[in-house]
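# Structural features, examined
In case you want the letters, here they are:
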Amino acid sequence: MSQGAINAQPQPKVIDLPPTPIVAGRAIGIAIVSAKPPKQLLEGKKVWIDIDNSPHVPFFLPIIRALENRGVEVVLTARDIYQVCELLEFFNLSCKVVGGHYGKNKVFKVLGNCLRATQLLPTAARERPSVALSHGSRAQVLACKALGIPTIMMHDYEHSTKTGFIQPDWTFMPSVIPDGAMTKQPSRTLKYPGLKEDVYVPGFLPDPSVLSTLGISPTSLLVTLRPPATEAHYHNPEAEELFAETLRLLAETPNTRAVALPRNGKQGAALRTQWADMIANGSLIIPETPVDGLNLIWFSDLVVSGGGTMNREAAALGVPVYSVFRGKIGAVDQYLADHGRLVLLENVSDVRTKIRLVRWNRPAQPLNTDRPALLSIVDNIAAILEGKCPTNPCLA
């Protein structure tokens, strides 16, 4: 959306998606199962989840199921940004879509959040949730402050969390992020073990049909690409130079197929124009419809991404991953880099010297060991719903 689009919209953007059930299983690449019986039932409690970005759709799927297993009613809203609407349909989630993207300019972002908060007010007032939950939705927090609804905001990148005078009642974050990095209220901050991606990656079920769907031979070296978030306020143009150099490297490498997953239609159109020769000879594929990202990552030999979530998904699955992100490096990515699970590309020469275009020795199945992130998050939400003081297992 252009910077002037805020004033250009005569009507609030509110879209009702059809009420379809949540579907779990191989068709969507994630099995949403409850390994343990709920510790307590919470009938009569209602949680409002606002989905603020594309990665939050698969992230909240197991949280929704776990809350529903405890008797909680879940109300969903979402913002029409990047591929959120496509993913909502892909995962068969019933959701009210409110508002959109308001550009890179910080002033327009603030005005856009205020506008969206007013658009969310009728839903919040009608539903009167026991608590509101999001992964970084400032508009939800603003709407809830006006109505006195308790809020939980989750974050995993400390350099994009400044909300000015608006503070959630509780902040959840991964344990590797330093104390005080997210909020001025450390007593209202809870850490969960592992990464955000550990919430949903353990339920991943590989489906090799993703290769045939995209027309990729199992003998080709497959590279998954995610362009930089050029409209984010923390974007550094250096990332675009690194991404372009990566594509030039792949164009020179025989028997290599790259699949690029643009963030929106505008970015997809730019890639199709700039790299038309690669698309014509079949070395670059830009899917026309949403692709199960975890499946694509799993069957790739390496990932090169300008976005945090895809980097961390690859790291969680054990797939070699290279980051062209050139904004401020967050604690999670630095942790992964320090432990050899992520390679940070810092200049154009790094693209040629650090990226290893070799086949990944893929195991038969992902190593889905017990990762307690989901249980920790849901237990703390339940404690807040019951009016108890949540526990911080990472600090215990």
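Presented here is an overview of the structure given in this document. What you see is a predicted model, and the numbers here were worked out from it, not measured in a lab. Counting of residues starts from 1 at the beginning of each chain's written sequence and follows it residue by residue. In keeping with the predicted nature of the model, local features appear solely for residues at pLDDT of at least 70, side-chain atom pairs appear and are counted solely at 80 or more, and the whole-chain, interface and lining totals rest on all residues. As a rule here, side-chain values come from all non-hydrogen atoms in the structure, and water together with hydrogens is ignored.

Let's shift gears to the side chain of Gln140. By secondary structure assignment, the location of Gln140 is in helix H5 (residues 138-147). By the criterion applied in these results, polar contacts are pairs of N or O atoms within 3.5 Å in which, for protein atoms, one can donate a hydrogen and the other can accept it, and in which residues neighboring in sequence qualify only through two side-chain atoms. Of the polar contacts made by the side chain of Gln140, one reaches the backbone oxygen of Leu133; its length is 3.4 Å. In DSSP terms, a helix is any run of H or I states spanning at least four residues, a strand is any run of E spanning at least two, and both are numbered starting from the N terminus.

It is worth spelling out the nonpolar core at this point. What is meant by a nonpolar core is a set of buried Ala, Val, Leu, Ile, Met, Phe, Trp, Tyr and Cys residues, joined one to another through side-chain atoms within 4.5 Å. Residue exposure (1.4 Å probe, protein chains only): buried if accessible area is under 20% of the type maximum, exposed if over 50%, otherwise partly exposed. By size, the foremost hydrophobic cluster in this structure holds 78 residues, and its most contacted members are Ile63, Phe172 and Ile381. Not counting residues up to four positions away in its chain, the partners in contact with Ile63 are Leu133, Val199, Leu374, Ile377 and Ile381. Ranked by size, the runner-up nonpolar core spans 23 residues in total, among them Phe243, Ala258, Leu284 and Val351. Contacts between residues were defined by any pair of non-hydrogen atoms, one from each residue, lying within 4.5 Å.

What follows covers the pattern of salt bridges. Counted as salt bridges are all cases of a side-chain nitrogen of Lys or Arg within 4 Å of a carboxyl oxygen of Asp or Glu. What the rule picks out here adds up to 20 salt bridges. Across the pair Lys145 and Asp169 runs a salt bridge, and its minimum N-O distance is 3.9 Å. Taken together, the residues span a long stretch of sequence, with Lys145 in helix H5 and Asp169 in the loop between strand E6 (151-154) and strand E7 (170-174) at a distance of 24 residues. Here Asp169 falls in the partly exposed class, since its relative accessible area comes to 23%. The residue Lys191 makes a salt bridge to Asp179 at a minimum N-O spacing of 2.7 Å. Taken together, the residues Lys191 in strand E8 (residues 189-192) and Asp179 in the loop between E7 and E8 connect sequence positions twelve residues apart. Here the residues in one salt-bridge network are Asp156, Lys196, Glu197, Arg312 and Asp333, joined through shared partners.

A word on the packing of aromatic side chains. Any Phe, Tyr or Trp ring, taking Trp's six-membered ring, that has another such ring centre within 6.5 Å forms a pair; planes under 30 degrees apart are called stacked, those over 60 apart edge-to-face, and the others tilted. Tallied over the entire structure, the rule returns five aromatic pairs. Aromatic side chains Tyr157 and Phe325 sit 6.0 Å apart centroid to centroid with 85° between the ring planes, which places their arrangement in the edge-to-face category. With Tyr157 in the loop between E6 and E7 and Phe325 in the loop between strand E13 (321-323) and helix H12 (331-338), the pair connects residues that are 168 residues apart, well separated along the chain. Residue Tyr157 is classed as buried on the basis of its relative accessible area, which comes to 14%. Each ring, one from Trp298 and one from Trp360, has its centre 5.3 Å from the other, and the planes form 90°; the classification is edge-to-face. Residue Trp298 is located in helix H10 (residues 293-298), and its partner Trp360 is located in the loop between helix H13 (348-354) and helix H14 (373-385); the two are separated by 62 residues in the primary sequence. Residue class for Trp360 comes out buried when judged on its relative accessible area of 15%. Members of the aromatic cluster, each reached through a chain of ring pairs, are Phe204, Trp298 and Trp360. For the cation-ring pair, Arg188 lies above Trp170, with the distance from its terminal atom to the ring centre recorded as 3.9 Å. We call a charge positioned over a ring when the NZ of a Lys or the CZ of an Arg lies within 6 Å of the ring centre and within 35 degrees of the ring normal.

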